[in-house]
Every structure is written in C-alpha cells, then in structure tokens.
Amino acid sequence: MTFLPDTGYVPTDEDRASLDAWFAEYDAQSAKRDVERMADMAVFPLNLVSDDSAGNGRSAQWDREQFVATMAHVMGEGSEDITFESTRTPVFLSPSMAVVFTDSAMTTEGRTQQLRYADILVRRSGKWAFQTMIQGGWGDNL
C-alpha cells in the first residue's frame, strides 16, 4: 500500500478525472508516436531530471524543438503502435499542481519494458500540461 504525503490539499473527483483524462490522451499520442501532439501537451522550457551512467544526478531544460527531435529519435519510426499499461499515483499539491508517479509496462514489436518515472504537471486555463519529467538512466542523453 502506498501512503501519500499530506500536502494540505484534498483533490476533488474532477481533479483526478481531469488528470486521468490528460494521461489517457498523452498515452494515446505516445502510442501513435505523434511527438508534435505530445509537445502540445507540455510547458516549455521543459525541465528534465535524471542520472547518468557514472551515478551523477543530471538536469536540463529543453525547448520544444529539442523535445520533438529527442522524442522522435527515442520513440523510433516503427509502424506498430506502442501500448502502455500504467499505474499512476498522483500527489496533488494544489488544484493546479500535481506530482505523478508512474509504474508502466511499455510494449512495442512484442517486447515489453518496465518503466518507473515521475512527472510534474501544472493546470493552466483549466488544462493540464507536463512541465518536468523525472526518470533514472537518461542523464547521458540530456
């Protein structure tokens, strides 16, 4: 069982539903490798936090162009959709900020890879967008 920290804000059913809908849309765009649409769902500059092969923490800020180029390279050109089975644990800091921890199984071309990551999302004008991506093992590419 996961115990969430008391942030002083109790999310409403709408808060959770809107965040779940955002992730469903993002996963759908990721499955189609629609990197431009994925970028539409972010706030730039986008913060990235990871660690490198030497075990050092790394961070970077990407503009939209760098996000699109890097994600297009990482996701590849395959014609087969990518599928995701994800369990998400959101921690709402306020009605407009959430840290979301994700455990995911990503499958493409018959191969499944386990992923664990966190995202920081902000809600602006009623719409969620990711602003920070946190995942181990990518620091050498930042």
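Read on for a plain summary of the structure. These figures come from a predicted structure and were not determined experimentally. (Residues numbered from 1 in each chain as written. Predicted model: local features only at pLDDT ≥ 70, side-chain atom pairs only at ≥ 80, totals over all residues. Heavy atoms only, no water.)

Right, let's get into the side chain of Ser94. You can see Ser94 is positioned in strand β3 (residues 83–94). Here the side chain of Ser94 touches Met97 through a polar contact of 3.3 Å, landing on its backbone nitrogen. (Helix = DSSP H or I, 4+ residues; strand = E, 2+ residues; numbered from the N terminus. Polar contact = N/O pair within 3.5 Å; in protein donor to acceptor, adjacent residues only side chain to side chain.)

To continue, consider the pairing of strand β6 (residues 127–134). β6 sits mainly inside the fold: 6 of its 8 residues count as buried. By the bridge criterion, 4 bridges tie strand β1 (residues 42–51) to β6 in an arrangement that is parallel. The residue of β6 that forms the bridge with Ala42 is Phe130. In terms of strand pairing, strand β5 (residues 111–124) meets β6 through 7 bridges, oriented antiparallel. Within β6, the residue paired with Ala118 across the bridge is Ile134. (Buried < 20%, exposed > 50% of the residue type's maximum accessible area, 1.4 Å probe, protein only. Pairing = 2+ DSSP bridges.)

Turning next to the side chain of Ser50. Turning to its location among the elements, Ser50 is positioned in strand β1. Reaching out from Ser50, the side chain makes a polar contact with the backbone nitrogen of Trp138 at a distance of 2.8 Å. Look past the residues within four positions of Ser50 in its chain and what remains in contact with it is Asn56, Gly57, Arg58, Gln135, Gly136, Gly137, Trp138, Gly139 and Leu142. (Contact = heavy atoms within 4.5 Å.)

With that settled, the discussion passes to unusual backbone geometry. Omega for the bond connecting Phe44 with Pro45 falls within 30 degrees of zero, at 5°, which places this linkage in the cis form. We note that Arg33 has phi near 60°; this positive angle belongs to a residue other than glycine. As for its placement among the helices and strands, Arg33 is situated in the loop between α1 (13–31) and α2 (35–40).

Turning to its location among the elements, Val49 is positioned in strand β1. The class for Val49 is partly exposed, based on a relative accessible area of 36%. Measuring from C-alpha to C-alpha, the distance between Val49 and Ala28 comes to 24 Å, with 21 residues separating the pair along the chain. Every residue in contact with Val49, bar those within four places of it in the chain, is listed here: Arg58, Ser59, Thr132, Met133, Ile134 and Gln135.

Everything listed here is a matter of geometry and, on its own, says nothing about what the molecule does.
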